[in-house]
Amino acid sequence: MSAPNSPPPTEATAGVAEDNRVTLRKLLVVTAVMFGFGFALVPFYEKICEVTGINRIVKRDDHRPANTQVDASRSVTVEFDANLRSNLPWTFRPLESSVKVHPGELATVIYEVTNTSDRPVTGQAIPSYGPMLAGQFFRKVECFCFDKQQMAPGERRQMPIAFVVDPGLPTEVNTITLSFTFFEVEGRASAEPATPARGGRS
Amino acid sequence: MQATHDHAAGHDHGHAHPTGIMRWITTTNHKDIGTMYLWFSFVMFLVGGVLALLLRTELFQPGMQVVEPEVFNQLTTMHGVIMVFGAIMPAFVGFANWMLPLQIGAPDMAFARMNNWSFWLLPPAAALLVISFFVPGGAAAGGWTLYPPLSIQMGPGMDLAIFALHILGASSIMGSINIVTTILNMRAPGMTLMKMPLFAWTWLITAYLLIAVMPVLAGAITMVLTDRHFDTHFFNAAGGGDPVLFQHIFWFFGHPEVYIMILPAFGIVSEIIPAFARKQLFGYTSMVYATASIAILSFIVWAHHMFTVGMPATAQLFFMFATMLIAVPTGVKVFNWVATMWRGSMTFETPMLFACGFIFVFTMGGFTGLILAITPIDIQLHDTYFVVAHFHYVLVAGSLFALFAGTYYWLPKWTGHMYDETLGKLHFWLSVIFFNVTFFVQHFLGLAGMPRRVPDYALQFADFNMISTIGAFGFGLTQLLFLYVVVKCIRGGAKAADCPWEGARGLEWTVPSPAPYHTFETPPVVR
Ligand SMILES: [Cu+2]
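Residues numbered from 1 in each chain as written. Chains lettered and ligands numbered in written order. Predicted model: local features only at pLDDT ≥ 70, side-chain atom pairs only at ≥ 80, totals over all residues. Heavy atoms only, no water.

Visitor: Is there a simple way to explain the coordination of the copper ion in this structure?
Guide: Ideal coordination angles are 109.5 degrees for a metal with four donors arranged tetrahedrally and 90 or 180 degrees for a metal with six donors arranged octahedrally. Those protein atoms acting as donors to the copper ion are His-255 of chain B (ND1), His-304 of chain B (NE2) and His-305 of chain B (NE2), and they sit at 1.7 to 2.0 Å. Given the relative accessible area of 22%, His-305 of chain B is considered partly exposed. (Donors = N, O, S within 2.8 Å, 3.2 Å for Na, K, Ca; no water. Buried < 20%, exposed > 50% of the residue type's maximum accessible area, 1.4 Å probe, protein only.)

Visitor: Just to check I follow, could you spell out the interface of chain B and chain A for this structure?
Guide: When the parts of a complex come together, some accessible area is lost, and that lost area is often taken as the interface size. Opposite the 38 residues of chain B that make contact, chain A presents 24 residues. Buried area between chain B and chain A, both sides added, is near 2700 Å², and the carbon and sulfur share of it is 72%. Among the residues of chain B in contact with chain A, Ile-177, Asn-185 and Leu-245 of chain B are the three that bury the most area, contributing 18% of the side total. Residue contributions to the side of chain B that touches chain A peak at 12 residues, all from helix 9 (residues 198-229) of chain B. In the side of chain B that touches chain A, the residues fall into 25 nonpolar, nine polar and four charged. (Contact = heavy atoms within 4.5 Å. Buried area = accessible area lost by both parts, 1.4 Å probe. Helix = DSSP H or I, 4+ residues; strand = E, 2+ residues; numbered from the N terminus. Nonpolar A, V, L, I, M, F, W, Y, C, P; charged D, E, K, R; others polar.)

Visitor: What's the story with the pattern of salt bridges in this structure? I'm lost.
Guide: Pairing is possible between side chains of opposite charge, provided their charged atoms come close. Residue and element names in this part refer to chain A. Within this structure, the stated rule accounts for 13 salt bridges over all chains. Note that Asp-166 is salt-bridged to Arg-139, the shortest N-O span being 3.1 Å. Within this pair, whereas Asp-166 is found in the loop between strand 8 (156-165) and strand 9 (175-184), its partner Arg-139 is found in strand 6 (residues 138-143), the two being separated by 27 residues in sequence. With relative accessibility at 11%, the residue Asp-166 sits in the buried group. Residue classification places Arg-139 among the buried positions, given a relative accessible area of 18%. (Salt bridge = Lys/Arg side-chain N within 4 Å of Asp/Glu carboxyl O.)

Visitor: Would you explain the pairing of strand 2 (residues 90-94) of chain A in this entry?
Guide: For a regular strand, side chains alternate in direction, first toward one face of the sheet and then toward the other. Residues and elements named next belong to chain A. The two faces of strand 2 differ: Trp-90, Phe-92 and Pro-94 on one face are buried, but Thr-91 and Arg-93 on the other face are not. In this sheet, strand 4 (residues 106-115) lies alongside strand 2 in antiparallel orientation, the contact comprising five bridges. Bridging across to strand 4, Thr-91 finds its partner in Thr-114. (Pairing = 2+ DSSP bridges.)

Visitor: Mind showing me how you'd approach helix 19 (residues 462-491) of chain B here?
Guide: Since the α-helix turns once every 3.6 residues, residues separated by three or four places project in the same direction. Compared with the 44 Å implied by 1.5 Å per residue over 30 residues, the 44 Å span of helix 19 of chain B between its first and last C-alpha is a close match. Where helix 19 of chain B ends, the next residue or the one after it, Gly-493 of chain B, has phi of about 130°, a positive value. (Expected span 1.5 Å × (residues − 1).)

Visitor: How do you make sense of the pairing of strand 8 of chain A when you look at a structure like this?
Guide: All names here are of chain A. Here strand 4 pairs with strand 8 via nine bridges, running antiparallel. Residue pairing across strands places Val-109 opposite Ile-161, the latter belonging to strand 8. Bridging between strand 6 and strand 8 involves five bridges; their strand directions are antiparallel. Bridging from a neighbouring strand, Phe-138 pairs with Val-165 of strand 8.

Visitor: Help me understand the sheet that holds strand 2 of chain A, please; the structure alone is not making it clear to me.
Guide: Picture the strands of a sheet paired through backbone hydrogen bonds; they go either parallel or antiparallel. All names here are of chain A. Read from one edge of the open sheet, four strands run 2-4-8-6, paired in antiparallel fashion. Because the sheet does not close on itself, it has two edges, and the strands there are strand 2 and strand 6. Across the sheet, the mean angle from the axis of one strand to that of its neighbour is 25°, orientation sign disregarded. (Axes fitted to C-alpha atoms, helices over the stretch in contact; angles between N-to-C directions.)

Visitor: Could you clarify how one ought to interpret the side chain of Thr-384 of chain B in this entry?
Guide: Residue and element names in this part refer to chain B. Assignment of secondary structure puts Thr-384 in the loop between helix 16 (375-381) and helix 17 (385-415). In terms of polar contacts, Thr-384 uses its side chain to reach the backbone carbonyl oxygen of Leu-381, at 2.7 Å. Once residues lying within four places of it in the same chain are set aside, the contact partners of Thr-384 are Gly-446, Met-450, Pro-451 and Arg-452. (Polar contact = N/O pair within 3.5 Å; in protein donor to acceptor, adjacent residues only side chain to side chain.)

Visitor: What is the right way to look at the packing of helix 5 (residues 112-120) of chain B against helix 6 (residues 122-131) of chain B in this model?
Guide: Two measures define how a pair of helices packs: the angle their axes make with one another and the distance between the axes. All names here are of chain B. It is the contact of helix 5 with helix 6, at a shortest axis distance of 4 Å, that shows an interaxial angle of 10°. The angle between helix 5 and helix 6 falls in the class roughly parallel. Note on element contacts: helix 6 touches helix 5 through Leu-122, Pro-123 and Pro-124, opposite Ser-118, Phe-119 and Trp-120. (Parallel < 35°, antiparallel > 145°, perpendicular 65-115°, else oblique.)

Visitor: Can you help me understand the packing of helix 9 of chain B against helix 10 (residues 243-260) of chain B in this one?
Guide: Residue and element names in this part refer to chain B. For the pair helix 9 and helix 10, the least separation of the axes is 9 Å and the interaxial angle reads 150°. Taken together, helix 9 and helix 10 sit at an angle that is classed as roughly antiparallel. Every pair of crossing elements has a handedness; the one defined by helix 9 and helix 10 is left-handed. Between helix 9, through Thr-206, Leu-209, Leu-210, Val-213, Met-214, Val-216, Leu-217, Ala-220, Met-223 and Val-224, and helix 10, the contact on the second element is made entirely by Phe-246, Ile-249, Phe-250, Phe-252, Phe-253, Pro-256, Glu-257, Tyr-259 and Ile-260. Looking at the contact of helix 9 with helix 10 residue by residue, the class counts come to 17 nonpolar, one polar and one charged. (Left-handed = near helix turned anticlockwise from the far one by under 90°.)

Visitor: Would you mind showing me how to read the environment of Met-44 of chain B here?
Guide: Residues and elements named next belong to chain B. With respect to the helices and strands, Met-44 occurs in helix 3 (residues 30-58). On the basis of relative accessibility, which here comes to 5%, the residue Met-44 falls in the buried class. When the C-alpha positions of Met-44 and Val-66 are compared, they lie 23 Å apart, and in sequence the two are 22 residues distant. The contacts of Met-44, once residues within four sequence positions are left out, are Ile-82, Gly-86, Ala-87 and Ala-126.

Visitor: How do you make sense of the confidence of the model for chain B when you look at a structure like this?
Guide: Reading predicted coordinates in detail is not appropriate for stretches of low pLDDT. Residues and elements named next belong to chain B. In the predicted model, chain B carries a mean pLDDT of 91, and the fraction of residues at 70 or more is 97%. Contacts from residues 1-14, a stretch scored under 50 in pLDDT, to residues over four places away or in other chains number 25 contacts. As scored by the predictor, the complex reaches a pTM of 0.78 and an ipTM of 0.85. (pLDDT = per-residue confidence, 0-100.)

Visitor: Sorry, what's going on with the packing of aromatic side chains here?
Guide: To describe a pair of aromatic rings, you give the distance between the ring centres and the angle between the ring planes. Evaluated as defined, the whole model comprises 65 aromatic pairs over all chains. An angle of 20° between the planes, with centres 4.8 Å apart, marks the rings of Phe-138 of chain A and Phe-163 of chain A as stacked. In this pair, Phe-138 of chain A sits in strand 6 while Phe-163 of chain A sits in strand 8, placing the two residues 25 residues apart along the sequence. Each member of the pair, Phe-138 of chain A together with Phe-163 of chain A, is buried. Taken together, a centroid distance of 6.3 Å and an interplanar angle of 55° make the contact between Phe-85 of chain B and Trp-144 of chain B tilted. (Phe/Tyr/Trp six-rings, centres within 6.5 Å; stacked < 30°, edge-to-face > 60°.)

Visitor: Any chance you could explain the sheet that holds strand 7 (residues 149-151) of chain A here in plain terms?
Guide: Residue and element names in this part refer to chain A. Strands sit in the order 3-1-9-5-7 across an open sheet of five strands; the sheet is mixed. Where the open sheet ends on each side, the last strands, each with one partner, are strand 3 (98-101) and strand 7. Mean inter-strand twist for the sheet, computed between neighbouring axes without regard to direction, equals 30°. Here three bridges tie strand 5 (residues 121-130) to strand 7, and the two strands are oriented antiparallel to one another. Within the sheet, the bridge partner assigned to Thr-122 lies in strand 7 and is Gln-150.

In structure tokens, the structure reads:
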């Protein structure tokens with residue numbers, strides 16, 4: 001700032017105006033960069049989720065033989081829970097409410113489903129784990145939750161789930177609760193194959 | 001503030017000003033524009049206030065009485081959007097326009113024409129927000145944070161809200177560029193950065209924050225818009241997007257945004273307390289550094305708004321401790337204000353009352369903020385009325401009280417008249433009492449588990465809700481008293497001296513009251 005005090009300082013004013021334009025340009029660049037930064041957060045976020053595995057809560061695991069070494073030194077209690085949503089006209093329960101397994105040991109449990117209504121109904125089971133941490137150590141080899149289940153009127157069905165608890169399970173976890181919730185699959189999907197329900201928001 | 005212009009318009013200068021409405025539309029004068037900002041924000045404050053009173057009416061008793069749940073959701077959303085973007089932010093920009101050139105000895109803002117545009121973008125944006133109530137499906141109803149999936153699924157009201165936010169954002173960015181440029185390049189000779197009044201300092205830092213984060217918000221809502229209409233899947237889980245990503249981007253903007261709304265308030269309070277304690281501000285330098293540290297820290301704490309989305313524990317710990325760290329510079333500020341009062345010869349005119357009220361009640365909001373920063377407690381209190389109470393303590397008793405304080409402090413300079421001191425004090429006491437009646441009980445509601453943004457509630461919450469609603473109506477009506485005091489002061493009153501406050505320092509008090517239309521065309525020299 002070097003504005004002289006006396007007469008209307010035209011030269012100084014011009015100098016200030018030039019300074020102002022320079023500052024304006026710099027700040028506009030910052031604005032543009034920050035606008036881009038918002039979008040750059042998208043791939044950045046995806047990368048972080050990928051590296052830390054935050055978004056892989058449930059993963060179908062059909063490729064690996066896993067660690068078949070059974071860790072007989074400890075055992076884990078697996079409890080089974082069954083729920084229904086959307087007024088699904090079914091009954092749904094596990095035949096055993098809990099089993100004790102050694103990590104690495106293959107176990108099979110049967111769930112029983114009955115369609116109590118007089119219409120065919122299609123449902124999809126969604127698993128969840130308590131504690132959530134256990135999900136990534138719980139390997140389902142075979143599960144009725146891999147597919148939609150279509151039930152004829154009055155049909156009763158026994159469905160297996162075969163699983164292995166990964167020996168990597170932290171030792172402080174000694175009980176895992178596996179909870180399945182059946183949701184009714186409505187609309188086109190249950191009306192029969194046709195087109196898969198996807199695309200476009202509704 | 002008509003009086004200002006009648007006095008100055010005709011004869012100070014040879015050239016003719018357009019008159020009537022054209023004068024306001026074409027004006028590039030920082031005082032005119034500041035006045036328009038202040039009136040605009042007051043009108044929006046009343047609009048947002050009416051929405052809030054509708055909410056509180058519904059919540060007066062359990063059960064559904066006044067509005068449908070869908071309408072209730074629109075009201076909560078628009079109350080938030082209008083108060084944040086339409087009332088608080090433009091009000092501070094109004095103060096900046098009026099006072100910054102006067103405080104740093106500049107003849108006007110750096111880009112006078114852009115200044116005019118910044119203001120005139122606001123009314124169309126406000127119109128879009130109001131119109132959105134009348135489109136099919138009503139106004140945006142997913143909360144002011146516009147979280148997907150709701151914001152992706154809603155009707156055209158959401159599009160209008162997004163456009164409005166784009167416009168308001170553009171206006172804020174232009175305003176901020178103007179403020180930064182003015183402060184950096186147009187200070188009077190001798191006015192070094194470290195001699196600037198704290199209001200200028202806090203606004204300089206705020207303007208940088210705005211330039212850094214408003215574009216990020218613009219990006220986030222642009223992504224929502226393209227998800228809605230152009231089949232992108234940034235946030236649409238069905239297409240492989242992730243709604244949690246929006247929360248991250250939004251709060252990267254959102255947390256600095258809360259400081260954008262409070263730092264200028266800190267500036268105003270830091271002007272007023274020394275004036276009425278008749279002492280220099282204690283720890284000027286530390287105030288500047290504290291403000292800057294708050295601004296920098298604000299970029300690394302955003303995820304404390306989303307502890308419940310399923311973050312790794314390490315991230316929760318980081319964001320928890322980073323958030324708590326902000327209490328340190330904020331504590332420095334509160335300490336400095338109190339130390340400024342220490343052994344000062346204090347008098348309690350209305351600006352000082354509001355400034356003291358600010359310190360007292362804002363600090364309570366700060367403490368509840370610290371409580372909410374603790375991850376396990378936050379998970380318990382997330383989306384309850386405890387959070388509602390917390391941010392109203394910092395936004396109403398913080399930002400709004402500082403705006404009132406600043407208005408009373410500079411009103412004599414703007415209008416040339418003294419306001420009615422008795423009514424001003426009455427306004428303060430009614431405001432602070434009704435404010436606490438409204439919001440203090442909401443802490444208990446939140447601790448007991450009442451969720452926010454829900455129109456009905458369990459019977460156990462009935463008494464506190466009734467108290468809160470009564471307080472809200474009291475608070476709302478009190479603000480009409482404020483309007484009356486301001487209008488009365490514009491119309492007339494005791495003649496204000498150039499410096500009506502005994503202890504006030506600063507260049508703005510060296511010009512006549514009311515401030516002439518043009519000031520400091522020849523820069524003053526600061527020793
Ligand atoms: Cu925050």
